[in-house]
Amino acid sequence: MKLVALQSLLDNASFAILLVTMLMYWISAAFPSIPYLAQGGTAGMAIANLSIFVLLSARWIDAGYFPLSNLYESLFFLAWGITAMHLVAENMGSKNINSKILIGVFTSAIAMAITAFATMTLPENMQGAEPLVPALKSNWLMMHVSVMLLSYSALMVGSLLAIAFLFVSRNQEITLKGNSLGNVSNLRQNQVSLNFDSGFNTGNESSFESSNGAVTTLSLPSGILAIERLTLSETLDNLSYRMIGLGFPLLTIGIIAGGVWANEAWGSYWSWDPKETWSLITWLVFAAYLHTRITKGWQGKRPAMLASGGLVVIWTCYLGVNLLGKGLHSYGWFL
Amino acid sequence: MANYYSKFLRRELFPILGNLKFAIALLLIIAACSVSGTVIEQGETLDFYQQNYPEHPALFGFLTFKVLLFLGLNHVYSTWWFLALLILFGTSLTICTFNRQLPMLKVAKRWHYYTKPQSFSKLALSTELIGRSLEEIAPVLTKFGYQVYQENGQLYARKGLIGRVGPIFVHASMLLILIGAILGSLTGFIGQEMIPSGQAFQIKNVTEAGIWSHIPKDWAVKVNRFWIEYTPSGAIDQFYSDLSVIDNKSGKELDRQTIHVNKPLRYDGVTFYQANWDIAAVRFTLNASPVLQLPMTVLQAKGTNNKVWGSWLPTKPDLSAGVTLITPDLQGTLLIYDEKGDLVSTVRAGGSTEVNGITLTIKELVGSTGLQIKSDPGIPLVYTGFGLLMMGVVMSYVSHSQIWALQAGSSLYIGGKTNRAQVGFESELLQILESVPTKILEKSYGV
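What counts as what
Residues numbered from 1 in each chain as written. Chains lettered and ligands numbered in written order. Predicted model: local features only at pLDDT ≥ 70, side-chain atom pairs only at ≥ 80, totals over all residues. Heavy atoms only, no water. Pairing = 2+ DSSP bridges. Helix = DSSP H or I, 4+ residues; strand = E, 2+ residues; numbered from the N terminus. Axes fitted to C-alpha atoms, helices over the stretch in contact; angles between N-to-C directions. Buried < 20%, exposed > 50% of the residue type's maximum accessible area, 1.4 Å probe, protein only. Contact = heavy atoms within 4.5 Å. Left-handed = near helix turned anticlockwise from the far one by under 90°. Nonpolar A, V, L, I, M, F, W, Y, C, P; charged D, E, K, R; others polar. Buried area = accessible area lost by both parts, 1.4 Å probe. Salt bridge = Lys/Arg side-chain N within 4 Å of Asp/Glu carboxyl O. Polar contact = N/O pair within 3.5 Å; in protein donor to acceptor, adjacent residues only side chain to side chain. Patch = residues over 30% accessible without salt bridge, like charges linked within 9 Å, V, L, I, M, F, W, Y side chains within 5 Å. Areas by Shrake-Rupley, 256 points an atom, 1.4 Å probe, with all protein chains shown as cover. Domains from an automatic or database assignment. Expected span 1.5 Å × (residues − 1). Core = buried A, V, L, I, M, F, W, Y, C linked by side-chain atoms within 4.5 Å. Phe/Tyr/Trp six-rings, centres within 6.5 Å; stacked < 30°, edge-to-face > 60°. Disulfide = S-S within 2.5 Å.

> Is there a simple way to explain the sheet that holds strand 15 (residues 322-327) of chain B in this structure?
Each strand in a sheet pairs with another by means of backbone hydrogen bonds, the pair being arranged parallel or else antiparallel. Residue and element names in this part refer to chain B. Here we have five strands laid out as an open sheet, ordered 13-14-15-16-17, and antiparallel in their pairing. One side of each edge strand has no neighbouring strand; the edge strands of this open sheet are strand 13 (297-300) and strand 17 (343-348). If you compare each strand with its neighbour and ignore which way they point, the axes differ by 30 degrees on average.

> I tried to follow the environment of Leu37(A) on my own but got confused; where do I start?
Residue and element names in this part refer to chain A. Counting through the fold element by element, leucine 37 comes out in helix 2 (residues 37-63). Given the relative accessible area of 14%, leucine 37 is considered buried. It is 7.8 Å that separates the C-alpha atoms of leucine 37 and isoleucine 27, two residues lying ten residues apart in sequence. Residues contacting leucine 37, with those up to four places away along its chain left out, are Met24, Ile27 and Ser28.

> Sorry, what's going on with the packing of helix 6 (residues 232-266) of chain A against helix 7 (residues 274-292) of chain A here?
The geometry of a pair of packed helices is captured by two quantities: the angle between their axes and the separation between those axes. All names here are of chain A. At a closest axis distance of 10 Å, the pairing of helix 6 and helix 7 adopts a crossing angle of 145 degrees. The two elements helix 6 and helix 7 meet at a crossing, and its hand is left-handed. When helix 6 is examined against helix 7, the residues Ser240, Tyr241, Ile244, Phe248, Leu251, Thr252 and Ile255 are found in contact with a partner set consisting of Ser279, Leu280, Thr282, Trp283, Phe286, Ala287, Tyr289 and Leu290. Among the residues forming the contact of helix 6 with helix 7, the class breakdown is eleven nonpolar, four polar and no charged.

> Please explain the interface of chain A and chain B as it appears in this structure.
Many descriptions give the size of an interface as the accessible area lost when the pieces come together. Every contact between the two is made by 71 residues of chain A and, on the other side, 72 residues of chain B. Interface area for chain A against chain B, summed over the two sides, is near 6500 Å², with a carbon-plus-sulfur share of 65%. Where chain A touches chain B, the interface holds one salt bridge. Note that Arg266(B) is salt-bridged to Glu264(A), the shortest N-O span being 2.6 Å. The tally of links from chain A across to chain B stands at eleven residue pairs in polar contact (both at pLDDT 80 or more). Those elements giving two or more residues to the side of chain A that touches chain B turn out to be strand 2 (226-228), helix 6 and helix 7 of chain A. Of the residues forming the side of chain A that touches chain B, the biggest block, 18 residues, is contributed by helix 6 of chain A. Here the residues of the side of chain A that touches chain B are counted per class, giving 41 nonpolar, 20 polar and ten charged.

> Help me understand a nonpolar patch on the surface, please; the structure alone is not making it clear to me.
All names here are of chain A. Taken together, the side chains of Leu6, Leu9, Leu50, Phe53 and Val54 present a nonpolar region at the surface, about 460 Å² in accessible area. The set of elements that each furnish at least two residues to the nonpolar patch consists of helix 1 (2-30) and helix 2. Within the fold, valine 54 resides in helix 2. Note on valine 54: relative accessible area 34%, which makes it partly exposed.

> In this structure, what is going on with the domain arrangement of chain B? I would like to understand it.
The domain boundaries assigned to chain B delineate domain 1 (2-104), domain 2 (112-160 + 399-445), domain 3 (186-278 + 370-388) and domain 4 (280-361). Each of domain 2 of chain B and domain 4 of chain B has a C-alpha centre, and the two are 87 Å apart.

> Explain the sheet that holds strand 21 (residues 411-418) of chain B here, please?
All names here are of chain B. Taken in spatial order, the five strands of this open sheet run 1-21-20-3-2, and their pairing is antiparallel. Every other strand in the sheet has two partners, leaving strand 1 (125-130) and strand 2 (147-151) as the edge strands with one partner each. When strand polarity is set aside, the average angle formed by the axes of neighbouring strands in this sheet is 15 degrees. Here eight bridges tie strand 20 (residues 401-408) to strand 21, and the two strands are oriented antiparallel to one another. By the bridge assignment, glutamine 407 is partnered in strand 21 with leucine 412. Packed onto the sheet, helix 6 (residues 134-143) meets strand 2, strand 3 (154-159), strand 20 and strand 21 and runs at close to 165 degrees relative to strand 2.

> Mind showing me how you'd approach helix 6 of chain B here?
In an α-helix, one turn spans 3.6 residues; hence positions three or four apart end up facing the same way. Residues and elements named next belong to chain B. Among all positions in helix 6, only Leu134, Glu136, Ile137, Ala138, Val140 and Leu141 are buried. Capping the start of helix 6, serine 133 holds a side-chain oxygen 3.0 Å from the backbone nitrogen of glutamate 135, two or three residues further along. Looking one or two residues past helix 6, glycine 145 carries a phi angle of roughly 90 degrees, positive in sign.

> I tried to follow helix 7 (residues 162-187) of chain B on my own but got confused; where do I start?
Across its 26 residues, helix 7 of chain B extends 36 Å between first and last C-alpha, which sits within 8% of the 38 Å expected from 1.5 Å per residue. Residues Gly163(B), Arg164(B), Gly166(B), Ile168(B), Val170(B), His171(B), Ser173(B), Met174(B), Ile177(B), Gly180(B), Gly184(B) and Thr187(B) constitute the buried set of helix 7 of chain B. Packed against the buried residues of helix 7 of chain B are helix 7 of chain A together with helix 5 (80-109), strand 4 (189-196) and helix 8 (379-395) of chain B.

> Just checking my understanding: could you explain the nonpolar core for this structure?
Side chains of a nonpolar character, in soluble globular proteins, are inclined to be buried together. Counting 144 residues, the largest nonpolar core has Tyr152(A), Trp277(B) and Leu360(B) as its most contacted members. What Leu360(B) contacts, discounting residues up to four positions off in sequence, is Phe284(B), Thr285(B), Leu286(B), Leu313(B), Leu325(B), Ile336(B), Gly351(B), Ser352(B), Thr353(B) and Val355(B). Counting residues in hydrophobic clusters, the runner-up holds 20 residues, among them Leu125(B), Leu129(B), Leu134(B) and Leu141(B).

> So what exactly am I meant to see when it comes to the packing of aromatic side chains here?
We describe a pair of aromatic rings using the distance from one ring centre to the other and the angle between the two ring planes. Residue and element names in this part refer to chain B. Tallying each qualifying case throughout the model produces 33 aromatic pairs over all chains. Relative to tyrosine 49, the ring of phenylalanine 48 has its centre 5.5 Å away and its plane inclined at 85 degrees; by these criteria the two rings are edge-to-face. Of the residues examined, phenylalanine 48 reaches a relative accessible area of 23% and is grouped as partly exposed. Of the residues examined, tyrosine 49 reaches a relative accessible area of 1% and is grouped as buried. Aromatic pair phenylalanine 60 and phenylalanine 62: ring centres 6.5 Å apart, planes at 35 degrees, arrangement tilted. A relative accessible area of 67% means that phenylalanine 60 is categorised as exposed.

> Help me understand the state of the cysteines in this model?
Disulfides are covalent bonds that link the sulfur atoms of two cysteine residues. The full count for this structure, using the stated rule, is zero disulfides over all chains. No disulfide involves Cys317(A); its sulfur sits 18 Å from that of Cys33(B), the nearest cysteine.

Below you can see the structure in the form of structure tokens.
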């Protein structure tokens, strides 16, 4: 069948595109003076997103059911989610090009690694579409699994942004905005200007520093308009908060959908299965993160550290539980 | 005395329980305790723990099976300390809602104008425009979705107040879910039955029951038929049970449904789920005999999931000779082996074969359906909680944005803040400023 050929073309293509995209982001982070690389990265992400979308659609048409029946499909769905969430993060209103590059440096790498694992490491027989087992024959499958994977993608991008923030602000004391109290620390006026001495700033003055804490003067034909803009680290931190803020409702809805499905199918909305428990652990960790953001005196690096730790928790929840071989998230006695 | 206690509660205990750092610690502690239950095998036998967690050498130097069992780490999620943590969590949620969230919502709803230019420097984003008028800003803010209040050269605009309400919904719904779960465990029950096709049963084999649970006695369930549909490749496609609810007194059929995995039967607050299966018996005739039935027994290869069902069929009246009937599934094919263990023939249901001079006709294989039976009166509360929780978390994503403006002479001070989406708010505010019409300006500069 032609769709099969299309699929094997597309999964390798997605990997190749993401590899190129990643290189563009990395080079543009190292040499910010090279023009159009960041735009190229964004375009690469969009193309990869589209090609994975077509790949999954082809499998859907081919197999006749929503393509989330095995690890291979689930990995590609996750990679699609990460590229989508990357584009969401890029379009969250920041005009700061450096923040876009830094998002891409991390997200393109993880998306590339996922597609590489799916296409090259997974054995051939695990890549094919398999018939659904009876327990999974339900419309809830689409609802539950797709929302869960989207939430993992958003949370992963959020966690990666927290890592990017920690990386950018590694030499500074920082007090940040973005807490739900709506208070703004007056400390930011005293903030040290960012210093990208290692790796980032290779002698080019026009690079990152120009956008840090810059006073933007809009070229209106009138008046004085001087607004102190968010710095790069503040931007990254807030984008991280927003992405986790987006992933958290998705995670909640995904877990609830799973609970309702389990109750409709097996008579119990919660049974402390390892996968379930780890999704709850993920939920608790990110709930704690969201609360650290409104805790006085804890803004800044502490929440970001918790969010970066969250990355490990998400991966354990997504893959680790299954790799341990304990309960394959298989309810009932059939599987 | 009572007064003293309530004072102690309000002054000493509530502030701790409602404290954010305490709540964060509690969330992380519950998470850490939950991890232990996924690492240590739950609900195994004493033997298992003795073998895997010996006293010498103790795992990590302390985790022997005695410590493990003492702490209840073999059933983490039902230990007193885990349940106590959950109750503490519920208490913290309640106190936080009343001591923190509701007052904060009240503060957020209250608003005031800024009357001094100095006030603007305290805002996250603020600026001073020359030659602009307040009247020009107001319609732009409305266009961006803000609710605008203005008088005497002062302006206040806000949007996304719903983002302040969301967290309250989240906390309240979590409480509903906890209460629903407790109610369910007190008034519900879980049972299992394995019933051959054609038989009726009352709910008897109850594995877990709450202290106030009610197990219905005035009706029974009849399994009209159980069958499995297979895919062309022989894999299981779906399991089906045709069930009837029968009134015990009149024998009348009250309900009849065919259930499968993901489609249970609900009756009188009790739900029957398709959960397991078995082969109960084989029905056959020998020569011209009436239809006879022999039970089938499951045979499982050690350490694997491969099962077959078997039965021994005597072919002589004194039982001195016979054949073994084996089947791997409910598709209807039987393998017949002689005493030496050699395959003699295979028969399909409805077919015949000659064994030891006798004509054996297989009528059918009788399947048993394994039903999971459950009643949980807490479900309506839990589901309401689920609904509100989903609504609450979505609402909580919205950022509460506020903008102030003040006309002071030819200067227009404008500034604002938001509680979540600083990046988005910044670009929105810049857009707002850019889209303020500039015609006043030309007038004031009077080219």
